[in-house]
Amino acid sequence: MTEPTIHPRALRNDRPADALHIREGDDFGHVDVYPERAGWRYLTFWVDNFGGGRWAIPPAPDVETCLVVEAGRTVVIADDEGGSWTLPGRESVFDDLPSAIWLPDGRGLTIEVGQPSTAGSSAVAVARAPRSGRDGVATEPIVVRPDAVEVEIRGAGNATRQINHIIDPDFPADRLEVVEVLTPSGNWSSWPPHKHDVDDMPNEAVLEEVYHYRFRRLDAWGLQRVYREDRTRDAIWEVRHGDVVIVPDGYHPFTAAHGDDAYYLNALAGDRRTMACSFDPDLDWVRETWASMETDPRVPLVPPRRPTAVS
């Protein structure tokens with residue numbers, strides 16, 4: 001069996017805080033993260049907002065690819081090898097569960113949206129990572145439709161949130177893992193704060209991660225913090241619709257402002273097929289209190305189509 005090299009810890013990363021927060025507006029609706037920009041090994045991520053017509057994704061050698069439709073319906077994806085797939089898509093991330101496709105390679109793709117959102121635009125997020133050569137990876141594209149998405153309700157009280165699993169550790173991908181998180185207004189998410197920058201299995205693995213935000217109200221905002229235990233990095237940002245935050249290491253909680261429901265897409269890449277993480281030792285006790293608390297009745301924000309897991 002072929003296994004990837006297991007790196008013992010994340011690359012040293014001394015990028016300033018303003019380099020880790022990318023505003024959608026800075027690039028006229030396009031945001032992108034690539035290894036040189038993030039200071040890590042694997043993950044490339046971008047989001048494009050566009051109207052009708054066709055949109056092309058260039059080929060890239062020796063990578064795997066995942067596309068998630070965030071807005072737009074009847075989305076046709078064609079490759080440069082004659083393959084074609086139609087995804088139902090959705091009006092917005094608050095209207096339906098995700099449609100996605102995973103491909104085992106970086107073949108060129110063309111995207112055509114049959115029906116843009118009522119706002120007149122569409123959005124597709126793309127994640128790529130280099131292939132490791134590990135065994136057990138699927139060799140053909142896999143479509144993930146809304147009725148196949150597992151929904152998990154995590155936390156309790158004002159730390160209740162909805163997790164939509166797109167590419168989980170059991171998915172036959174290589175390095176990529178992808179999830180959506182919907183957080184009701186005023187709630188905390190990615191809580192208690194956790195990190196995944198040291199290889200210490202089964203407790204923690206090294207995973208590169210981005211947070212990509214969308215809000216039900218387009219002028220809304222939330223707060224994202226990224227900090228290390230020794231506080232050599234400790235940054236807090238106001239994050240808005242379309243923004244991306246790069247998480248190279250450290251703990252990274254989020255909170256939605258009162259009155260505004262929030263969404264973020266997490267794309268991750270690493271050497272192991274796991275989401276193992278460790279929690280901030282000063283706050284890990286919070287998880288023990290959830291057994292005696294009710295979950296927030298507003299969750300799920302988007303109804304599941306399969307039985308819901310609660311954790």
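Residues numbered from 1 in each chain as written. Predicted model: local features only at pLDDT ≥ 70, side-chain atom pairs only at ≥ 80, totals over all residues. Heavy atoms only, no water.

A.B. asks: Kindly report on the sheet that holds strand E21 (residues 262-270), identifying the contributing residues and their values.
C.D. replies: Taken in spatial order, the 8 strands line up as E1-E19-E16-E21-E13-E12-E11-E23 in an open sheet, and their pairing is mixed. The sheet is open, and its two borders are formed by strand E1 (21-22) and strand E23 (309-310), each paired with just one other strand. (Pairing = 2+ DSSP bridges. Helix = DSSP H or I, 4+ residues; strand = E, 2+ residues; numbered from the N terminus.)

A.B. asks: So what about the pattern of salt bridges? Which residues, and what values?
C.D. replies: Counting across every chain of the model gives 28 salt bridges. A salt bridge links arginine 240 to glutamate 238; the shortest N-O distance between them is 3.0 Å. You can call arginine 240 partly exposed: its relative accessible area is 28%. If you follow the salt bridges from partner to partner, you end up with Arg23, Glu238, Arg240 and Asp243 in one network. (Salt bridge = Lys/Arg side-chain N within 4 Å of Asp/Glu carboxyl O. Buried < 20%, exposed > 50% of the residue type's maximum accessible area, 1.4 Å probe, protein only.)

A.B. asks: Got a sec to walk through empty space enclosed by the protein? Specific residues and values, please.
C.D. replies: Using the criterion set out here, one finds 2 cavities of 30 Å³ or more in the structure. For the largest cavity, the calculated volume is near 90 Å³. Lining the largest cavity are Ala10, Leu11, Asn13, Gly39, Trp40, Arg41, His196, Asp197, Val206, Leu207, Glu208 and Pro248. Of the residues contributing to the lining of the largest cavity, the split by class is 6 nonpolar, 3 polar and 3 charged. Each pocket or cavity is described by its volume, and for the second largest cavity that value is around 30 Å³. (1 Å grid on protein atoms, 1.4 Å probe; cavity = no way out; pocket = protein on both sides within 12 Å on 5 of 7 lines; lining within 4 Å. Points joined across faces, edges and corners; volume = space filled by probe spheres on them. Nonpolar A, V, L, I, M, F, W, Y, C, P; charged D, E, K, R; others polar.)

A.B. asks: Just give me the short version of the pairing of strand E11 (residues 150-154), but keep the residues and values in it.
C.D. replies: In this sheet, strand E12 (residues 161-167) lies alongside E11 in antiparallel orientation, the contact comprising 5 bridges. The residue of E12 that forms the bridge with isoleucine 153 is glutamine 162. Counting the residues that bridge the hairpin from E11 to E12 gives 6 residues, and of these glycine 155 lies at a positive phi of roughly 85 degrees. One ladder, built from 2 bridges, connects E11 with E23; its direction is parallel. Within E23, the position partnered with isoleucine 153 by the bridge is valine 310.

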